[in-house]
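Listed below are the residues making up each chain.
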Amino acid sequence: MTDVIALGEVMLRFDPGEGRIRTARSFQVWEGGGEYNVVRGLRRCFGLRTAVVTALVDNAVGRLVEDLILQGGVDTSHLRWVAADGMGRTARNGLNFVERGFGVRGALGVSDRANTAVSHLRKGDIDWDAVFSAGVRWFHTGGIFAGLSDTTVDVADEAMAAARRHGVTVSYDPNFRPSLWDGRGGAERARETDLRLARHADVVVGALGLAGPHPGAVRLTHDEVPDALASVATLLPQARVLATTLREVPSAGVNDWSALAWSPETGLVSGPNMPGLHVLDRIGSGDAFAAGLIYGLLTGAGLERALAYGTAHGALAMTTPGDVSMATLAEVEALLAGVTAHVRR
C-alpha cells in the first residue's frame, strides 16, 4: 500500500553553488519538482511510503532522473516512459537552473522545460482507478503540473476527481509560476485553472495564492492574512484545511518564517514563529512545509501540530542545498522542542 502519491514533473536541477548561472563552469545536479518534492520529503524525512506519477523520455538523461528518484526512496512504478527520438523533437526531459541568491541578490530560477514528456500527458493516459484502488491514502498535485500545458490541466482534474471517488484525501498547491503562463493567458488563466482544480481538494496548501483577483495581485500584511484566508474559504466551501506559509525577506540569506492554517473545526491556527531564520537555499521550502503538514494530518496529530511539523520541516529544508529536504524526523521534533544549533557529538 502507498501512503501518498503525487502527480507532477521531475526535472534535473543544475546548481552553480555560490556562483551565478551565467558564469558557471560546473554545476551540482539534483532532482526536483514542486509536487515531487512533497512525496520525497514524506518518504525520506517522515518515513511514509510514497510514489510519483510522471513521464520521462527514455534516454540517459531520463534514466539519471529515475536514478535520483530511486535514491530518494520514491516508488517509480507509475513512471511513464516516452521513446526518445535522438533530438528531443517530440519530447524531452526538463532542466532547471537555480541560483540560491545571497544578501541583496535574490534566488533565481531559469527553467528549460518546454515540450517535456510529462507536459504531453493527456486525459485517459493514466488508469487512475487502478492507481487509487491499491489502498492509497493521500493524493497531491498542484499548479506547476497544471500549468505545463493545456492538456495537463485536464489530467490533474481527472486524477483529483478519481481520487475523491476512491475516498482518497486530496491536496492541491496553486504554486503560481509566471513563466508557465506567459503567452497562455497569464495570471488570470492561472487563477481560473486553480479554482477549477482546488474544488476537488480537501487540503489547499499555499492557499493565499487564491486570494485577490489573480496570483500576485495583492501583497498582504500579516494582519490581513486571516481575512484573506476567510475569503478563500468562501470560494472553496468543501475544503477541510487551508494552509499557507508566511515569509518576509529582509535578505536572501535571512527570512522571517511562519505559517497559518484554517479549518471549519479549529478556525485560525498559527504555526511556530521563526524570525531571522538563516537560509542557505530557500527553493523547495514550501514543498517541505506541505510534506510536514500532510504528515501531521495523515497521522492524526491535529491541525496545530501538523502546522508545526510543516513550519519546522520547511525551515530545516532551507538549511541545505537542493530542492529536496535532507532533514530527519528527529531533527524536526528537536526543533519544535526548542533544541539549539549547538554541535551534537
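The sections below set out a description of the structure shown in this document.

How each quantity is defined
Here the residue numbers are simple positions, counted from 1 along each chain's written sequence. Since the coordinates come from a predicted model, pLDDT governs what is reported: local features require at least 70, and pairs of side-chain atoms require 80 or more to be given and counted, while whole-chain, interface and lining totals use all residues. Side-chain measures were taken over the full set of non-hydrogen atoms in the model, leaving aside hydrogen atoms and water. Strands are runs of DSSP state E lasting at least two residues, helices are runs of H or I lasting at least four, and both sets are numbered from the N terminus onward. All radius of gyration figures rest on C-alpha atoms, and the globule criterion is 2.2 Å times the number of residues raised to 0.38. With a 1.4 Å probe rolled over the protein chains alone, any residue whose accessible area is under 20% of its type maximum counts as buried; one over 50% counts as exposed, and the rest are partly exposed. Contacts: residue pairs with any heavy atoms within 4.5 Å of one another. In summary, the charge assignment counts Lys and Arg as positive and Asp and Glu as negative, without counting His or the chain termini. Charge positions come from single atoms, namely NZ of Lys, CZ of Arg, CG of Asp or CD of Glu. Among buried residues, those of type Ala, Val, Leu, Ile, Met, Phe, Trp, Tyr and Cys that are joined through side-chain atoms within 4.5 Å constitute a nonpolar core.

A few points about the overall build of the protein chain
When its secondary structure is counted, the protein chain shows eleven helices and 14 strands. By the compact-globule yardstick of 20 Å for 345 residues, the protein chain fits well, its C-alpha radius of gyration being 19 Å. By principal-axis analysis of the C-alpha atoms, the protein chain measures approximately 55 × 50 × 40 Å. Scored against the burial criterion, the 345 residues of the protein chain give a buried share of 54%. Taking contacts inside the protein chain between residues at least 6 apart in sequence as the whole, the part at least 24 apart equals 70%. Of the charged side chains in the protein chain, 33 are positive and 38 negative; the average position of the first set lies 3 Å away from that of the second.

Description of the side chain of glutamate 158
Considering the arrangement of structural elements, one finds glutamate 158 in helix 5 (residues 150-165). For glutamate 158, the residues in contact, after removing those within four places along its chain, are Lys123, Gly124 and Trp128.

Considering the nonpolar core
Core analysis: the largest hydrophobic core is formed by 51 residues, its most contacted members being Leu7, Trp128, Phe132, Phe139, Phe145 and Leu242. A per-element tally of this core places helix 5 first, with seven residues. Aside from chain neighbours lying at most four places away, what touches tryptophan 128 is Leu7, Val53, Phe139, Val155, Glu158, Ala159 and Ala162. In this structure, Val4, Cys45, Ala259 and Ala327 belong to the second largest nonpolar core, which totals 50 residues.

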